Amino acid sequence: MLQLDFHPTGRHFLQIPGPSPVPDRILRAISLPTIDHRGPEFGALGRDVLDKIKYVFQTRSPVIIYPASGTGAWEAALTNTLSPGDDVLMFETGHFAALWKAMADRLGLNAEILSREGTDEHLPHAPGWRHGVQADAIERRLRQDTARKIKAVCVAHNETSTGATSDIAAVRRAIDAAGHPALLLVDSISGLGSIDYRHDEWGVDVTISGSQKGLMLPPGMSFNALSPRAIEASKTAGFPRSFWAWGEILAMNADGYWPYTPNTNLLYGLSESLDMLRAEGLPNVFARHDRWAAAVRSAVVAWGLPILCADEQCYSSVLTGVIVPAGVDADALRRLIHERFDLSLGTGLGKVKGRVFRMGHLGDSNDLTLVAMVAGVEMGLRQTGVPLAGSGVEAIMAYLGSHAAPAYRQAAATPGAA
Ligand code: PLP
């Protein structure tokens with residue numbers, strides 16, 4: 001008998017940093033009957049989502065929607081704007097920045113990745129994996145490029161493998177200060193819809209994102225938000241591309257259609273998700289995640305364990321990584337917590353495998369799901385024999401109790417309130 005035939009009672013605690021828990025309202029929207037993707041009803045749906053999605057990217061430019069995971073949208077951003085052999089500059093914030101670099105290498109780009117220098121007491125082999133992008137290092141490197149060979153700067157906004165959020169406006173300023181014409185390509189796969197992100201204001205040329213994080217949808221859709229310069233670059237970019245090619249998609253999107261079969265039912269979900277984010281308002285969405293993140297960090301501090309992100313300016317409001325004491329296997333801990341409490345935590349990826357676990361605080365969560373997550377982790381840590389300085393559960397309850405949710409949420413939750 002398949003293991004999948006058994007399902008424990010109650011809701012699974014999906015506390016990985018994406019895919020995030022999907023609200024029932026979105027699941028219901030996705031369950032609508034599939035329609036003809038060339039019919040009139042679909043055109044209306046296509047136009048609706050293509051228009052509404054600009055709000056979450058804070059852009060007036062077109063956003064391309066692919067029936068693909070985020071990795072596809074990475075490839076789309078590179079192949080639509082660049083040519084084989086082009087120089088690109090990246091920054092190693094963690095596993096996803098490293099994977100994007102590996103993709104650039106495979107495609108035949110000449111990718112250079114800057115890494116933070118120095119050592120780290122907890123992770124001596126990965127000092128840069130506890131920090132965000134160093135915009136000043138990017139500026140220095142661009143100033144050296146007097147021949148202007150570097151065609152694009154590629155950075156991750158929210159490095160999901162570590163829980164460090166980078167200052168994208170500072171990267172833009174660095175490029176401008178160096179007077180360099182490189183395009184700015186930003187991966188906000190796990191930042192969008194949870195952490196402040198401004199495609200137009202920050203002068204980003206392509207923003208890459210995905211459905212399964214802040215947009216609270218299942219995996220399966222990804223995005224390229226464009227700039228006028230990126231669209232211009234795509235007209236002369238030399239990479240062969242077909243499925244990813246923006247030109248044909250933009251032409252058909254004008255009427256709400258795609259050159260191939262889009263994932264109709266996920267688009268129903270996207271329409272619902274965009275309505276929910278708009279109704280709450282992005283500033284409230286960001287404040288909600290900031291508060292949850294601070295609450296979860298208060299629990300980690302109470303345990304006396306190091307937060308993976310070492311720079312408080314860069315703490316991610318989407319996830320918190322925790323370094324386990326030397327000699328403890330973080331994956332064995334995660335397995336125990338999953339088996340005993342039906343709670344999924346993010347694994348340590350790449351250079352930090354086995355040394356960290358990650359707690360997601362995004363998607364269809366609330367104060368009590370986060371308290372439950374912290375309780376599950378705390379029980380797991382105790383049962384594994386990890387010495388704790390204090391109770392994270394008490395800390396998170398105290399934090400949430402003394403930092404009230406924003407007033408609009410209280411009003412919405414009070415029966416009869418205006
Ligand atoms: N970039 C970041 C920052 C991510 O978090 C992820 C996935 O978690 C990816 C890229 C890859 O996206 P996908 O797994 O949807 O292909």
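Since we're looking at a predicted model, the values are computed, not measured. Throughout, residues of each chain are indexed from 1 in the direction in which the sequence is written. Local features in this predicted model are restricted to residues whose pLDDT is 70 or higher, and side-chain atom pairs enter the listing and the counts only when it is 80 or higher, whereas totals over whole chains, interfaces and linings include all residues. Side-chain measures were taken over the full set of non-hydrogen atoms in the model, leaving aside hydrogen atoms and water.

### So, the pairing of strand β8 (residues 183–187)
- Buried means the residue's accessible area, taken with a 1.4 Å probe over protein chains only, is under 20% of the maximum for its type, while exposed means over 50%, and partly exposed covers the values in between. Counting from the N terminus, the helices are the DSSP runs of H or I reaching at least four residues and the strands are the DSSP runs of E reaching at least two. Burial analysis of β8 places 5 of its 5 residues in the buried class, which makes it a mostly covered element.
- Across the two faces of β8 the burial is the same, with Leu183, Leu185 and Asp187 and Leu184 and Val186 all buried.
- Pairing of strand β5 (residues 150–156) with β8, which is carried by 5 bridges, proceeds in the parallel orientation. Paired with Val153 across the strands is Leu184, a residue of β8.
- Here the rule is simple: two strands pair whenever DSSP picks up at least two bridges between them. Pairing analysis gives 3 bridges linking β8 to strand β9 (residues 206–210), with the strands arranged parallel. If you follow Asp187 over to β9, its bridge partner there is Ile208.

### Things to note about the UniProt feature "domain: Aminotransferase class V" (unreviewed entry) in the protein chain
- UniProt positions are given in the numbering used here, feature names are shortened, and annotations may be inferred rather than shown by experiment. Sites flagged by UniProt as "domain: Aminotransferase class V" (unreviewed entry) map to residues 37–335.
- Strand forms 15% of residues 37–335 and helix 42%; the C-alpha atoms that close the span are 42 Å apart.

### Overview of helix α11 (residues 330–341)
- In a regular helix each residue adds 1.5 Å, so 12 residues correspond to 16 Å; α11 covers 16 Å between its end C-alpha atoms and thus fits that length.
- Listed as buried for α11 are Ala330, Asp331, Leu333, Leu336 and Ile337.
- Two to three positions downstream of the cap, the backbone nitrogen of Asp331 sits 2.8 Å from a side-chain oxygen, assigning the N-cap of α11 to Asp329.
- Residue Asp342 follows α11 closely and has a positive phi angle near 55°. A helix is expected to reach a length of 1.5 Å times the quantity of its residues less one. In protein, a polar contact requires one atom able to donate a hydrogen and another able to accept it; more generally it is a pair of N or O atoms within 3.5 Å, and residues adjacent in sequence count only if both atoms are side-chain atoms.

### Looking at the packing of aromatic side chains
- Between 30 and 60 degrees the pair is tilted, below 30 it is stacked and above 60 it is edge-to-face, where a pair is any two Phe, Tyr or Trp rings, Trp via its six-membered ring, whose centres lie within 6.5 Å. In total, this model carries 9 aromatic pairs according to the counting rule given.
- Their ring planes at 35° and their centres at 6.2 Å tell us that Phe42 and Tyr257 sit as a pair that is tilted. With a gap of 215 residues between them, Phe42 in helix α2 (residues 40–57) and Tyr257 in the loop between α8 (246–253) and α9 (264–280) connect regions that are remote in the sequence. With respect to class, Phe42 is no different from Tyr257; both count as buried.
- Between Phe243 and Trp244 the ring centres are 4.8 Å apart and the planes differ by 85°, which places this aromatic pair in the edge-to-face class.
- Among the aromatic residues, those joined into a ring-pair cluster are Tyr66, Phe243, Trp244 and Tyr260.

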